[in-house]
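Residue-level structural notes
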Protein chains: 2
Amino acid sequence: MAKIIIDAFGSDEGPEMVANAVKLARQEKDFEAILVGPKEQMYPVLEGVDKVEFIHTENFIENTESPVMAIRKKKDASIVLALQRLNEEGDVLLSAGSTGALLGGGYFITKRLEGIHRACLAVWVPNPHGGTILVDSGANMDTSPEILYQFAVLGAAYSEADLGVERPRVGLLNVGSEEGKGDKRAIETYKLLKDSSLNFVGNVEARDILNGVCDVLVTDGFAGNIALKTLEGAASSLLGALKKSIYSSTKSKIGGWLIKDAMKEALKDYSLDNRGGAPLLGIKKPVYKAHGNSNAEVFKIAIMEALAYAESHVEDRIIRILAEKE
Amino acid sequence: MAKIIIDAFGSDEGPEMVANAVKLARQEKDFEAILVGPKEQMYPVLEGVDKVEFIHTENFIENTESPVMAIRKKKDASIVLALQRLNEEGDVLLSAGSTGALLGGGYFITKRLEGIHRACLAVWVPNPHGGTILVDSGANMDTSPEILYQFAVLGAAYSEADLGVERPRVGLLNVGSEEGKGDKRAIETYKLLKDSSLNFVGNVEARDILNGVCDVLVTDGFAGNIALKTLEGAASSLLGALKKSIYSSTKSKIGGWLIKDAMKEALKDYSLDNRGGAPLLGIKKPVYKAHGNSNAEVFKIAIMEALAYAESHVEDRIIRILAEKE
């Protein structure tokens with residue numbers, strides 16, 4: 001039976017919400033859980049639920065701390081204890097805490113897969129064509145072409161093994177579609193991807209991110225963060241303006257009521273409501289990041305995703321693709 | 001009287017459209033025009049219009065050519081002849097052609113302003129808060145902190161002198177709001193901007209691009225292109241999906257008809273319809289880029305913008321801000 005280790009700190013709603021999410025998830029699937037955090041906040045929720053263990057701690061790493069320093073100094077921080085336990089046993093670790101601390105802890109405690117330079121966060125970007133995995137989504141700055149090539153391998157392995165995409169199409173986020181476009185890093189990365197065993201479909205311009213032209217979109221964490229947050233901001237600003245103006249007159253209010261269902265249907269394809277988080281690819285054992293603003297329903301989804309991620313054994317696939325290159 | 005030199009090649013609709021745009025612009029403002037391109041296509045449109053001169057050529061630089069090579073080899077390309085004429089006389093050059101060729105020609109023929117490392121394209125990003133100038137919007141790859149600092153100076157000078165913004169707020173596009181976030185380039189650029197005489201408001205996350213938190217947004221051309229094209233793609237994809245789903249039933253069609261005016265009003269703030277182009281900042285004499293897909297009405301707007309840009313003497317302001325630093 002799968003065993004998940006959960007860092008109960010890090011989400012806005014706190015450990016009690018996490019305990020509620022575990023309870024919800026257990027109604028859908030049988031698994032063992034080890035919860036790392038303040039036992040007195042979680043125990044009352046989970047009293048009577050079996051196969052739940054607690055590792056009590058009241059310390060955690062905050063978003064504002066330097067992750068690497070904090071990982072080394074705060075020996076009893078929840079994420080440190082959780083990763084140490086993952087080294088000993090368990091199938092996957094789930095945390096809604098700081099991405100930096102998760103990455104740092106992944107590097108120093110659980111370690112990277114052999115030959116992997118950097119781990120990357122693989123966020124699923126929803127679109128009407130089945131979505132696209134963005135690697136890296138913002139965990140790594142100052143990368144190199146070799147690192148970006150590895151992100152492509154990590155993303156493709158995840159897309160194939162966990163999401164079930166056959167021969168995932170890998171695109172390189174770039175400023176133009178022709179070979180030779182972009183900065184030095186993009187130009188060199190293009191060459192590495194072209195010569196690889198991956199199903200490389202070439203450069204992808206940012207205006208096509210939502211057009212489903214690839215399953216895995218490769219980029220540096222800086223540009224990946226810019227793309228992801230620009231999407232978020234554009235959607236929220238445009239839809240906000242539309243809503244506001246629909247509420248501005250009786251006529252348009254009636255119109256708004258008449259298109260409500262159609263609007264909901266249209267926006268469903270762009271929604272992240274059914275996603276709980278994203279894997280940190282490239283670590284020796286599965287590590288999964290949940291959204292910081294999760295409620296129990298969303299964190300439950302993250303638990304299910306993390307368990308499925310562990311069961312898909314993406315690490316094996318990564319090692320296989322890397323070996324194909326030799 | 002202001003004199004504008006126009007590269008008549010480069011737009012999708014071609015030289016005849018450009019001649020029509022000149023005719024339209026002359027109905028609004030008195031100016032002299034020198035048109036560089038195939039005279040036989042433009043002369044019939046402008047017959048009888050005074051203060052119009054033609055430099056005949058049938059050669060031009062295509063988007064697919066290496067700009068630097070083409071600038072050096074194609075001595076009779078329209079952009080080469082136009083820039084050479086700009087060196088001799090005239091207040092501003094306008095072209096809808098390849099940005100690369102315009103940048104290359106600006107560097108090798110007209111030259112940069114003293115002390116300026118790179119010229120940058122300053123695209124105005126519309127939003128409900130008066131818009132934001134994005135420097136660089138995609139002309140330069142592989143920049144340094146010093147180059148990004150100069151983009152900030154160029155953008156601030158343009159915002160102040162041409163767009164009339166007092167003490168423009170300068171933001172740095174970054175992956176987080178705190179100092180110390182981002183890649184090495186962003187971290188170093190932050191320090192330069194903080195120590196400058198500019199009105200620096202700190203890091204700006206991509207989700208805030210449309211929220212009007214700054215007047216000038218500084219970034220490398222790679223990230224600038226990603227941000228700009230992600231905005232474009234998100235708007236087109238979302239609005240396309242909404243439209244499609246509104247047309248899917250009679251009920252929602254009626255609703256769509258009722259909210260039509262409200263929708264138009266809401267989207268006005270995000271529209272580029274009233275913009276004709278963007279300046280290439282940092283060149284010794286004013287150079288202005290028109291949209292490649294302009295029709296005569298939009299190219300007319302670009303002519304008016306280019307003339308206003310020339311009259312605002314942004315170069316003087318740039319030199320002044322750079323001197324303040326010493």
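Here, every reference points to the structure presented above.
I will try to describe carefully the structure that is included in this document. (Residues numbered from 1 in each chain as written. Chains lettered and ligands numbered in written order. Predicted model: local features only at pLDDT ≥ 70, side-chain atom pairs only at ≥ 80, totals over all residues. Heavy atoms only, no water.)

What follows concerns the overall build of chain A. Across its full length, chain A carries eleven helices and twelve strands. Here chain A has a C-alpha radius of gyration of 21 Å; the compact-globule value for 326 residues is 20 Å, and the two agree. Expressed as lengths along the three principal axes of its C-alpha atoms, the size of chain A is roughly 65 × 55 × 35 Å. Looking at chain A residue by residue over its 326 residues, the buried ones come to 59%. Within chain A, contacts between residues at least 6 apart in sequence are counted, and of these 70% link residues at least 24 apart. Counting every atom, chain A has about 13400 Å² of accessible surface; 49% of that belongs to carbon and sulfur. (Helix = DSSP H or I, 4+ residues; strand = E, 2+ residues; numbered from the N terminus. Rg over C-alpha atoms; globule rule 2.2 N^0.38 Å. Buried < 20%, exposed > 50% of the residue type's maximum accessible area, 1.4 Å probe, protein only. Contact = heavy atoms within 4.5 Å. Areas by Shrake-Rupley, 256 points an atom, 1.4 Å probe, with all protein chains shown as cover.)

This part is about unusual backbone geometry. Cis geometry marks the peptide bond from valine 135 of chain A to aspartate 136 of chain A; its omega dihedral reads 0 degrees. Here aspartate 136 of chain A shows up in the loop between β7 (132-135) and α6 (145-161). The backbone of lysine 111 of chain A sits at a positive phi, close to 75 degrees, despite the residue not being glycine. The residue lysine 111 of chain A is located in the loop between α5 (99-110) and β5 (120-121) in this model. In this model, aspartate 142 of chain B sits at a positive phi of 55 degrees, which is unusual for a non-glycine residue. Its location among the elements puts aspartate 142 of chain B in the loop between β7 (132-135) and α6 (145-161).

With that settled, consider the sheet that holds strand β10 (residues 216-218) of chain A. Within a sheet, each strand pairs with its neighbour through backbone hydrogen bonds, oriented either parallel or antiparallel. If you walk across this open sheet you meet the five strands as β6-β7-β10-β8-β9 (chain A), and the pairing is mixed. Two strands lie at the open edges of the sheet, namely β6 (123-125) and β9 (199-205) of chain A, each paired on one side alone. Going from strand to strand, the sheet's axes swing by 30 degrees on average, the running direction of each strand aside. Of the strands in this sheet, β7, β8 (169-174) and β10 of chain A are in contact with α6 of chain A, which crosses β10 of chain A at around 165 degrees. On the sheet, helix α8 (residues 221-246) of chain B packs against β8 and β9 of chain A and is oriented at approximately 115 degrees with respect to β8 of chain A. (Pairing = 2+ DSSP bridges. Axes fitted to C-alpha atoms, helices over the stretch in contact; angles between N-to-C directions.)

Our next topic: helix α2 (residues 39-46) of chain B. All names here are of chain B. All of the buried residues in α2 are Met42, Val45 and Leu46. In an axial view of α2, the angular spread of the buried residues amounts to 85 degrees, which keeps them on one side of the axis. As for α2, its buried residues are in contact with α1 (15-26), β2 (32-37) and β3 (52-56). Trailing α2 by a residue or two, glycine 48 shows a phi angle of about 90 degrees, which is positive. (Arc of directions from axis to C-beta.)

Let us look at the pairing of strand β9 (residues 199-205) of chain B. Residue and element names in this part refer to chain B. Among the seven residues of β9, five are classified as buried, and the element is accordingly described as predominantly covered. As paired strands, strand β8 (residues 169-174) and β9 are joined by six bridges and run parallel to one another. Within the sheet, the bridge partner assigned to leucine 172 lies in β9 and is asparagine 203. With helix α7 (residues 184-194) bridging β8 and its parallel neighbour β9, the resulting β-α-β unit is right-handed. (Right-handed = clockwise from strand over helix to strand, strands pointing away.)

Below, the discussion takes up the relation of the copies chain A and chain B. Of the transformation superimposing chain A on chain B, the axial component is 0.0 Å and the angular component is 180 degrees, with the fit at an RMSD of 0.0 Å. The two molecules are tied by a two-fold rotation axis, judged by turn and shift. Closest to the rotation axis within chain A is the C-alpha of glycine 255 of chain A, separated from it by 1.8 Å. Most of the interface of chain A is mirrored in chain B: 98% of its interface residues are interface residues there too. (Least-squares fit on C-alpha atoms with pLDDT ≥ 70 in both.)

Below, the discussion takes up the environment of phenylalanine 151 of chain A. Within the secondary structure layout, phenylalanine 151 of chain A lies in helix α6. The spacing of phenylalanine 151 of chain A and glycine 282 of chain A is 131 residues in sequence and 8.6 Å in space, taken between C-alpha atoms.

Turning our attention to the interface of chain A and chain B. Across the contact, 47 residues belong to chain A and 46 residues belong to chain B. Considering only the surface of chain A that becomes buried against chain B, Arg207, Phe222 and Leu238 of chain A emerge as the three largest contributors, covering 14% of it. Seen at the junction of chain A and chain B, the total is six salt bridges. A salt bridge links glutamate 205 of chain B to lysine 229 of chain A; its shortest N-O distance comes to 2.4 Å. Secondary structure elements with two or more residues in the side of chain A that touches chain B: β8, α7 (184-194), α8 (221-246) and α9 (250-268) of chain A. (Buried area = accessible area lost by both parts, 1.4 Å probe. Salt bridge = Lys/Arg side-chain N within 4 Å of Asp/Glu carboxyl O.)

The next point concerns the environment of methionine 17 of chain A. All names here are of chain A. Relative to the helices and strands, methionine 17 resides in helix α1 (residues 15-26). Note on methionine 17: relative accessible area 4%, which makes it buried. Between the C-alpha atoms of methionine 17 and methionine 42, which are 25 residues apart in sequence, the distance is 8.4 Å. Setting aside residues no more than four positions away along its own chain, methionine 17 makes contact with Ser11, Ser294, Asn295, Ala296 and Phe299.

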